Amino acid sequence: MMSDQTATGQGGGGKPEGNPGNPQGNLGKNLGDNPQAKQSGAVPEVSKGSLPACEAPGDTVDKEAGKLSDPAKQGPPPPDKDPGIHFSIGLEDCKTIVGESAELVCKLSKADCKGVWYKDGKEITGSTEGLTISKDGTTHKLKIHKVSEEFAGKYKFESEGRKTEAVIIVEDPPRFNTKDLEGFAKPRVIKTNQRAEFKIPFIGHEPMKVQWYKEGEELAPYVNCKIEISEGHSRLVLNKQQRKDSGEIKLKIKNEFGTAEAITSLVVLDKPTPPLGPLEIIEATSNCIEIKWRPPKDNGGCPITHYHLERNQVGRNTWKKIGQIPGEAHYKDTDVDHGKRYCYRIRSETSEGISEVMETEDVQAGTKAYPGPPSAPKVVSAFKDYITLSWVPPTDTGGSNILGYNLEKRKKGSNLWGLVHPPEEPIRTKKYDCKDVIEGMEYEFRVSAINVSGTGEPSTPSEFVFARDPKNPPGKVTDLKVTDSTYNTLSLSWIKPKEEKGVHDDPKGYFVEIRPAESTEWERSNSNAIIMTFFTVKGLKSMAMYWVRVIAVNEGGVGEPQELKNYILAMPPPVRPRFTDLKIKSFMVVRAGNSAQFNINFVASPWPEIIWLKDGVPVPKRVTISNTEGGSQILIASAERSDSGIYTIIVKNIVGQETLSIEIRVTDEPKPPGPVELDENVPFTVTVSWTPSPDEKRDDRLHYIVTKRDSSKRTWHTVADRIFNNKFTVCNIMPGREYQFRVYAKNDMGLSAPSESQKWLITVKKEKFTLVLPEPKTCNLERPPKFLLPLKLHSAPEGYECYMSCAVRGDPSPHVTWYRNNISINTDTNYLITNTCGVCSMLILRVGSKDTGEYKVVADNPLGRAECSTHLTVRE
């Protein structure tokens, strides 16, 4: 294999040197193409890097001028002097790979010249192993048959004082043998849970980085993955592989000279996955069920050979094996009973095994599944002796093919439908010429589809059509006018065009078209023709200008449009501004710091100008005004006392104007009055006076309230209200009583804190009062014991608690003893006995048969004794 040689031209170290007659070497050859240069002997300037590799003996280089020169003379040699030899083709550097061949070639100007080859300064002889030196005329070759690293170096060829040099660079990148690579590329096919092994030898300069990849992800050693790397080969072992592990396997080797890759694939065979649904029912008739399904999502790496089918009749517990069918996912079951429902189990089979089962939904045989309705028949053409109609088949075919259609007609005003063809000859096409018509009559048509189950539902009727020859287009509508308008709508009315025999026929409908003033395109406002002679256009832009026209249409075509004479503005009819709130308030009180908001609603057309004033001047910037269609709002976010005033709204347009004023008072709870003083100018009266509240000057609606309290009642009550001065006289002051007064300031927000006076007292002379007490009598409360509430009879269920109680009195307090069957139980812990304030009680927590008997309570003190008894019965 020949090595890649780098074509470097004739400059640099690989160039031959020049001859004595041509000091510029190969540059002279280039100049030889130019006769003027030959005659003048001019030598072009060359860069330092373009100088020849070698110079002839006696030549020098003028480095400052960048030219070749001869010390004896300049210019070309005499014609009778032999110029000697020179290299017409010099050696070229080359790169080669270990194991491949390389060849160096140069060409002299004469064939009878001999030369010597050198490597790194040492002469190369013809007996050197691995090299061949040859000469063919003027061509000299050095061939290396199998390159190794020791052949890298600098080579030179020299002949009669002329020499040329080149460098051989030997590279050793990673690489594979072609046959090994072809064998490695063949897919590895294994069965599930088996082991896959990948191995390929390689060569290249060490060190080399070896990496294994699977589906683009680098593999690392783990439980089921083993990677071995040794000199000259690498091995990958994958254990217990599953179907999901199938994919691309890649070996990547890299060293300093390059990268090599080997790619193969791993195929893990397994049984297929179940077939896929949903089941497609091709036909389900009384004697046949034809079904279709989808192949498995994964065939396990092998083609599907068969499908295994089983069938079950719904309601039974047994499955009937239908057997194997070829690999096509389709089956027609003819062994069915009319009206029965069946479900199927389907398995897919490959050479690797049989899949899991897919169970289908129920399919009923012989169900009368009628087709759905086709589209409404469309009138293609109409003449006096026939009408042509067409329709679109139904989307729901009822699970079977459409066999034909029934077309019916009905006269306008009649309820009877009749077939237009013989019942036994349904229409096979989707288009029909109905000839069973009477000239001048108006008809409508409907169509129904037929399948194996029968005739389906009819379609919606077609439009009414006359059995007559085509009409002439209608004329212009008349009296087109605007009946109403708003900012977004426009209402129109017109009179239908007159019929002119042979020229214009009656219209069947109308289209309303509008065109904005800035546009040249007309737009239809109604997508379907309307039969009314009035219409409302919607979706207009407020205050925009529009041109409007109406076009009449019929079966004969479109009539001539009728336009309004002037453009129309999208706005309501002119209306003088008018406020619509009947019970609007003219006064508002707002607490300082709160927001003040007032809404005004009005009607006006066209859109009015809205102006707000405060006390006759424009409102300040801190007041927010929001205007909407039919309303305006004023908002003071955080009201201050300075915002008080009369706010006026002015609504005006080209028709007129209207004003409305609202007084807004911003205030707060008043500050209390100053100190309160009391003075008695008239006997039995008190004059209460006080210093005004600081808010009195700022609030003309502020007034005062006076309350009093005397020592006999101790409650406050109002004696005066709505006092607008700072003094009030209180009458009916009783001597000997102590009085106190409070004064409050009040405004629209409420009361202030009170200012309280000192206590006021009019003293009186008191008469001496003597109290005579009667002599005390002694009282003896001692008495013998007596039961106020005796014991009651008790009957308690066994296992439940029982509570007995009685009440006894006596002075001194009597001693109480409880007895059961005349035996004291005061110290028996089975009984809880208490005596509180004469109430004697006894509690038995769990009553048993042993507790049956007579219970007695004895109370005694030094003055006597009393007894009380009862009987307890325990029920089982």
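As the structure is a computational prediction, the values presented were derived from the model and not from experiment.

1. Remarks on the overall build of the chain
Move 1: Check the secondary structure of the chain and you find three helices and 73 strands.
Move 2: Every one of the 876 residues in the chain was classed for burial, and the buried ones make up 38%.
Move 3: Expressed as a percentage of contacts within the chain between residues at least 6 apart in sequence, the contacts between residues at least 24 apart total 63%.
Move 4: Of the roughly 50900 Å² of accessible surface on the chain, a fraction of 50% belongs to carbon and sulfur atoms.

2. With respect to the sheet that holds strand 57 (residues 686-690)
Move 1: The strand order 56-57-60 describes an open sheet built from three strands, whose pairing is antiparallel. The strands lining the two open edges of the sheet, one partner per strand, are strand 56 (676-679) and strand 60 (727-730). With direction set aside, neighbouring strand axes in the sheet form an average angle of 20°.
Move 2: Where strand 57 and strand 60 come together, four bridges link them in antiparallel fashion. Of the residues in strand 60, the one forming a bridge with V688 is F728.

3. A look at the confidence of the model for the chain
Move 1: Predicted confidence across the chain gives a mean pLDDT of 83, with 89% of residues reaching 70 or more.
Move 2: Ranking the helices and strands of the chain by mean pLDDT puts strand 32 (residues 404-411) first, with 95, and helix 1 (residues 26-31) last, with 33.
Move 3: When the criterion is pLDDT under 50, residues 1-77 qualifies, and its contacts beyond four places in sequence or with other chains add up to 105 contacts.

4. Considerations on the pattern of salt bridges
Move 1: Enumeration over the complete set of coordinates arrives at 36 salt bridges.
Move 2: Across the pair K271 and E356 runs a salt bridge, and its minimum N-O distance is 3.3 Å. In this pair, K271 is assigned in the loop between strand 20 (258-269) and strand 21 (276-285) and E356 in the loop between strand 27 (353-354) and strand 28 (358-359), connecting sequence segments 85 residues apart.
Move 3: In this structure, D615 engages K614 in a salt bridge whose closest nitrogen and oxygen atoms are separated by 3.4 Å.

5. Topic: a nonpolar patch on the surface
Move 1: A cluster of nonpolar residues, M543, M545, Y567 and L569, forms a patch on the protein surface that exposes about 340 Å² of accessible area.
Move 2: With respect to the helices and strands, the residue M545 is situated in strand 43 (residues 545-554).
Move 3: Taking relative accessible area as the criterion, M545 reaches 34% and is therefore assigned partly exposed.

6. A short note on the pairing of strand 48 (residues 587-591)
Move 1: The alternating pattern of strand 48 places M588 and V590 on a buried face, while none of F587, V589 and R591, on the opposite face, is buried.
Move 2: Both strand 48 and strand 55 (residues 657-667) contribute to a ladder of five bridges, which runs parallel. Directly across from R591, in strand 55, lies its bridge partner T667.

7. Some thoughts on the pairing of strand 70 (residues 832-836)
Move 1: Pairing geometry for strand 70 and strand 71 (residues 839-844), over five bridges, is antiparallel. Counterpart to T836 in the pairing with strand 71 is V839.
Move 2: Linking strand 70 to strand 71, which pair antiparallel, is a turn of two residues; within it C837 sits at a positive phi near 55°.

8. Digging into the environment of Y831
Move 1: By the element assignment, Y831 lies in the loop between strand 69 (823-824) and strand 70.
Move 2: Given a relative accessible area of 9%, Y831 falls into the buried group.
Move 3: As for Y831 and M842, which are separated by eleven residues in sequence, their C-alpha atoms are 6.5 Å apart.
Move 4: Setting aside residues no more than four positions away along its own chain, Y831 makes contact with R820, I825, M842, L843, I844, D851 and Y855.
Move 5: Reaching out from Y831, the side chain makes a polar contact with the side chain of R820 at a distance of 3.3 Å.
Move 6: In this structure the side chain of Y831 is engaged in a polar contact, spanning 3.3 Å, whose partner is the side chain of D851.

9. A short note on the sheet that holds strand 39 (residues 490-495)
Move 1: Pairing is antiparallel in the open sheet, where three strands are placed in the order 38-39-42. Here the strands that pair on one side only, and so sit at the sheet edges, are strand 38 (478-485) and strand 42 (534-537). In this sheet, adjacent strand axes meet at a mean angle of 20° when their direction is disregarded.
Move 2: In the sheet, strand 39 pairs with strand 42 via four bridges, with the strands oriented antiparallel. Paired with L490 across the strands is V537, a residue of strand 42.

10. Considerations on the packing of aromatic side chains
Move 1: Under the definition given, this model contains eleven aromatic pairs.
Move 2: Ring geometry for F184 versus F198: centroids 6.5 Å apart, planes at 65°, classification edge-to-face. Taken together, the residues span a long stretch of sequence, with F184 in helix 3 (residues 178-185) and F198 in strand 14 (residues 196-201) at a distance of 14 residues. The same class applies to F184 and to F198, which are both buried.
Move 3: In textbook terms, an aromatic cluster arises when at least three aromatic residues are bridged by ring pairs, as seen for F87, W117 and F157.
Move 4: Sitting above the plane of the W319 ring, R345 keeps its charged end 3.9 Å from the centroid.
Move 5: In this arrangement the basic side chain of K856 is found over the ring face of Y819, its NZ or CZ atom lying 5.6 Å from the centre.

Cut-offs applied
- Residues numbered from 1 in each chain as written.
- Predicted model: local features only at pLDDT ≥ 70, side-chain atom pairs only at ≥ 80, totals over all residues.
- Heavy atoms only, no water.
- Helix = DSSP H or I, 4+ residues; strand = E, 2+ residues; numbered from the N terminus.
- Buried < 20%, exposed > 50% of the residue type's maximum accessible area, 1.4 Å probe, protein only.
- Contact = heavy atoms within 4.5 Å.
- Areas by Shrake-Rupley, 256 points an atom, 1.4 Å probe, with all protein chains shown as cover.
- Pairing = 2+ DSSP bridges.
- Axes fitted to C-alpha atoms, helices over the stretch in contact; angles between N-to-C directions.
- pLDDT = per-residue confidence, 0-100.
- Salt bridge = Lys/Arg side-chain N within 4 Å of Asp/Glu carboxyl O.
- Patch = residues over 30% accessible without salt bridge, like charges linked within 9 Å, V, L, I, M, F, W, Y side chains within 5 Å.
- Polar contact = N/O pair within 3.5 Å; in protein donor to acceptor, adjacent residues only side chain to side chain.
- Phe/Tyr/Trp six-rings, centres within 6.5 Å; stacked < 30°, edge-to-face > 60°.
- Lys NZ or Arg CZ within 6 Å of the ring centre and 35° of its normal.

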